[in-house]
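For reference, the chains in residue letters:
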Amino acid sequence: IPGTRYDYRVGEENHWSDWFQYKTAENTDKPFSFLFFGDSQVVTSSLWSRIVRLAYSQHPDAAFMLFAGDLVDGGDGNTLQDEEWGNWHKGGAFINTMIPTLPTPGNHEYLYPGDRSRRELNRNWRPGFTLPENGPPGLEETAYYIDYQGVRIISLNSYEIGANEKSGVKQAEWLEGLLQNNTCRWTVVMFHHPLFSTSAKRDNKKVRTLLKPLFDKYKVDLVLSGHDHTYARGHVHTPEGSLQGNRIGTIYVVSVSGAKQYEQDAAPWWDTGTSHTQFYQHISVSGKKLSYEAVDASGRIFDRFFLVKKSDGSKCLKESLPR
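Computed from a predicted structure; not experimentally measured. (Residues numbered from 1 in each chain as written. Predicted model: local features only at pLDDT ≥ 70, side-chain atom pairs only at ≥ 80, totals over all residues. Heavy atoms only, no water.)

A. Structural context of helix α7 (residues 205-217). Taking 1.5 Å of rise per residue, the 13 residues of α7 would be expected to cover 18 Å, and the 18 Å separating its terminal C-alpha atoms lies within 8% of that figure. Remark: the principal bend of α7, roughly 35 degrees, maps to Leu211, with a proline, Pro213, within the next four residues. Among the residues making up α7, those that are buried are Val207, Leu211, Lys212, Leu214 and Phe215. In the core, the buried residues of α7 are packed alongside α5 (158-163), α6 (165-180), β10 (186-190), β11 (222-225) and β14 (251-254). Of the residues flanking the end of α7, it is Lys219, one or two places downstream, whose phi is positive at about 55 degrees. (Helix = DSSP H or I, 4+ residues; strand = E, 2+ residues; numbered from the N terminus. Expected span 1.5 Å × (residues − 1). Bend = angle between axes of the 7 residues up to and from the residue. Buried < 20%, exposed > 50% of the residue type's maximum accessible area, 1.4 Å probe, protein only. Contact = heavy atoms within 4.5 Å.)

Now the structure itself:
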């Protein structure tokens, strides 16, 4: 039943879990919020845990959580480290039983210890999550989408885009179909490898060349990525090279939630950014307004902006924290 809270537990005979709760989506465009996390990857049971637990304590009514890939490191030597997944779930603790998890795979979900030329989705991915199977054939539960109360959330498998040209074309065609036939007011796209990197040594040209024309053409609102282990948020000028007033194109976010941190040393494309800081993002949607906050591990709001959607589909950036 839409908009209903349910209690549940799992088990059999004399072995049962605790009782947990979850709430189903409304069947109207009622205001809601969700959480986003960049790479968690390492030391998840102790250092990453403080971020996800802080996010839940501040926003317990969040509808779901998005994860931008590299949830775990993937293995060591010749051994797949299954305990990494155990530590990830330990870090999230009961939160993972109360709020749905929607992850997209990163390169470390494809890491096969001992043979880096071997491409294989981690064996714990599909058993560990129940995700939509509405993506391109062969990419189910890695490329998928949901419509939630006026927002279309799309997960793309950027690892496969970079590694397999046919997979990239397949995903682009699938994505365009979703964007062409989109009945939602807002569109959020998530994948691991950012279109615009914060690292001078990284350039995800294949991903950018394939996806950015579609984001521009169909006025995608927000693109969420990880991979670079820093924080950056900005927009890139329209193909015409200028902005009209404060109307903007797609907002791009690169973020990190875990303890593994890199330097931010690329030529800046971002409006605001920083290095060596763990973040979570809280995003709320209410009708024609989308609100965004990036919060660090101390609970401080580092970045904030508001988007207002116009009747023609364009967006205005209404407010942000002063730098």
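Moving on from the coordinates now.
B. Representation of the nonpolar core in the model. Core analysis: the largest hydrophobic core is formed by 56 residues, its most contacted members being Phe37, Phe64 and Leu66. Looking at which element gives the most residues to this core, the answer is helix α1 (residues 44-58), with six residues. Among residues more than four places away in sequence, those in contact with Phe37 are Trp48, Ile51, Val52, Ala55, Met65, Leu66, Phe67, Ala68, Ser257 and Tyr280. Membership of the second largest hydrophobic core comes to 26 residues, among which are Leu139, Ala143, Leu179 and Val207. (Core = buried A, V, L, I, M, F, W, Y, C linked by side-chain atoms within 4.5 Å.)

C. Structural context of unusual backbone geometry. Unusually for a residue other than glycine, Glu13 sits at a positive phi of about 45 degrees. When you line up the elements, Glu13 lands in the loop between β2 (11-12) and β3 (15-16). The exposure class assigned to Glu13 is exposed, which follows from its relative accessible area of 71%. The backbone of Gln149 sits at a positive phi, close to 50 degrees, despite the residue not being glycine. You can see Gln149 is positioned in the loop between β8 (144-148) and β9 (151-155).

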